[in-house]
Every structure is written in C-alpha cells, then in structure tokens.
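Okay, here's what each chain looks like letter by letter:
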Amino acid sequence: MKVAFTSTTGEIIDEHFGQCTSFHVWEIGPDEAHFLTKVGAVTTSGDEEDRIAARASALADCAIVY
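Cut-offs applied
Throughout this description, residue numbers start from 1 for each chain and increase along the sequence as written. The predicted origin of the model limits local features to residues at a pLDDT of at least 70 and limits the giving and counting of side-chain atom pairs to 80 or more, whereas totals for whole chains, interfaces and linings rest on all residues. Side-chain calculation: all heavy atoms of the structure are included, whereas hydrogens and water are not. Throughout this description, the term nonpolar core refers to a set of buried Ala, Val, Leu, Ile, Met, Phe, Trp, Tyr and Cys residues connected via side-chain atoms within 4.5 Å. Exposure is judged per residue with a 1.4 Å probe applied to protein chains only, and the accessible area is read against the type maximum: over 50% gives exposed, under 20% gives buried, and values in between give partly exposed. The contact criterion used is simple: two residues touch if any of their non-hydrogen atoms lie within 4.5 Å. Here a strand pair is declared whenever DSSP counts at least two bridges between the two strands. Secondary structure is summarised from DSSP: a helix means a run of H or I of at least four residues, a strand means a run of E of at least two, and numbering begins at the N terminus for each. Only Phe, Tyr and Trp rings are paired, with Trp represented by its six-membered ring, and only when their centres lie within 6.5 Å; those with planes under 30 degrees apart are stacked, over 60 edge-to-face, the remainder tilted. Cysteine sulfur atoms that pair up within 2.5 Å are treated as a disulfide. Residue-level confidence of the predictor is what pLDDT reports, using numbers from 0 through 100.

Enquirer: How do you make sense of the nonpolar core when you look at a structure like this?
Expert: One broad trend across soluble globular proteins is that nonpolar side chains are buried collectively. With eight residues, the main nonpolar core is built from Ala4, Cys20, Phe23, Val25, Val39, Ala41, Leu59 and Cys62. If we skip the residues at most four places from it in the chain, cysteine 20 touches Thr6, Glu15, Ala41 and Arg55.

Rendered as structure tokens:
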C-alpha cells in the first residue's frame, strides 16, 4: 500500500497536512518498504479549501497520509 508522510527532510514527520510543502510517498508491504516519490504540495490558491482539495487529489492513490 502507498503511504504519504509530511516531512521537510524525508526522515521524520514534522509538518502539518495543511501547511507542508511536500509529501514523501512510500510503498509499504508486509516484508519491506521503499521510497517511491516526493509530491509537491505548493498551490497558488489562497483559499484553504482549494489547497486541501488539491493535496487530497494529489495523494488519492495513498491508503494513509501522515
């Protein structure tokens, strides 16, 4: 399953979903995990609901977002 984490460094979860600049996406399986990609979360919209919707859409294929 794909899991996304908010992180400035990719090492620890240290940002809030609504304020982060990127998400680190990992593929997590029963025996191993590996990094897939970094997804940018910066949008040009000043509206908070639009920013949240854009982030949710970009992470739609992730089962869990931390």
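Read on for the rest.
Enquirer: Where do I start with the pairing of strand β2 (residues 22–28) in this structure?
Expert: For a regular strand, side chains alternate in direction, first toward one face of the sheet and then toward the other. Note that strand β1 (residues 2–6) and β2 share five bridges and pair antiparallel. Pairing of valine 3 across the sheet is with tryptophan 26, part of β2. Inspection of the sheet shows β2 paired to strand β3 (residues 33–40) by seven bridges, in the antiparallel sense. When the sheet's bridge partners are listed, histidine 24 is paired in β3 with lysine 38. From the end of β2 to the start of β3, which pair antiparallel, there are four residues.

Enquirer: Whenever I open this one, the packing of aromatic side chains confuses me. Can you help?
Expert: Note on aromatic pairs: each is described by the distance of the centres and the angle between the planes. All chains considered together, the criterion is met by three aromatic pairs. Aromatic pair phenylalanine 5 and tyrosine 66: ring centres 5.3 Å apart, planes at 10°, arrangement stacked. You can see phenylalanine 5 sitting in strand β1 and its partner tyrosine 66 sitting in the segment after β4 (64–65), a full 61 residues away along the chain. Judged by relative accessible area, phenylalanine 5 falls into the partly exposed class, the value being 22%.

Enquirer: What exactly am I supposed to notice about the state of the cysteines here?
Expert: Such a bond, covalent and formed between the sulfur atoms of two cysteines, is termed a disulfide. Evaluated as defined, the whole model comprises zero disulfides. In this structure cysteine 20 is a free cysteine whose sulfur lies 12 Å from that of cysteine 62, the closest cysteine sulfur available. A relative accessible area of 11% means that cysteine 62 is categorised as buried.

Enquirer: Honestly, the confidence of the model for the protein chain in this entry has me stumped. Any pointers?
Expert: Of the residues in the protein chain, 92% reach a pLDDT of 70 or more, and the chain-wide mean stands at 86. Across the protein chain, the element-wise mean pLDDT spans from 81 in helix α1 (residues 48–58) up to 94 in β2.

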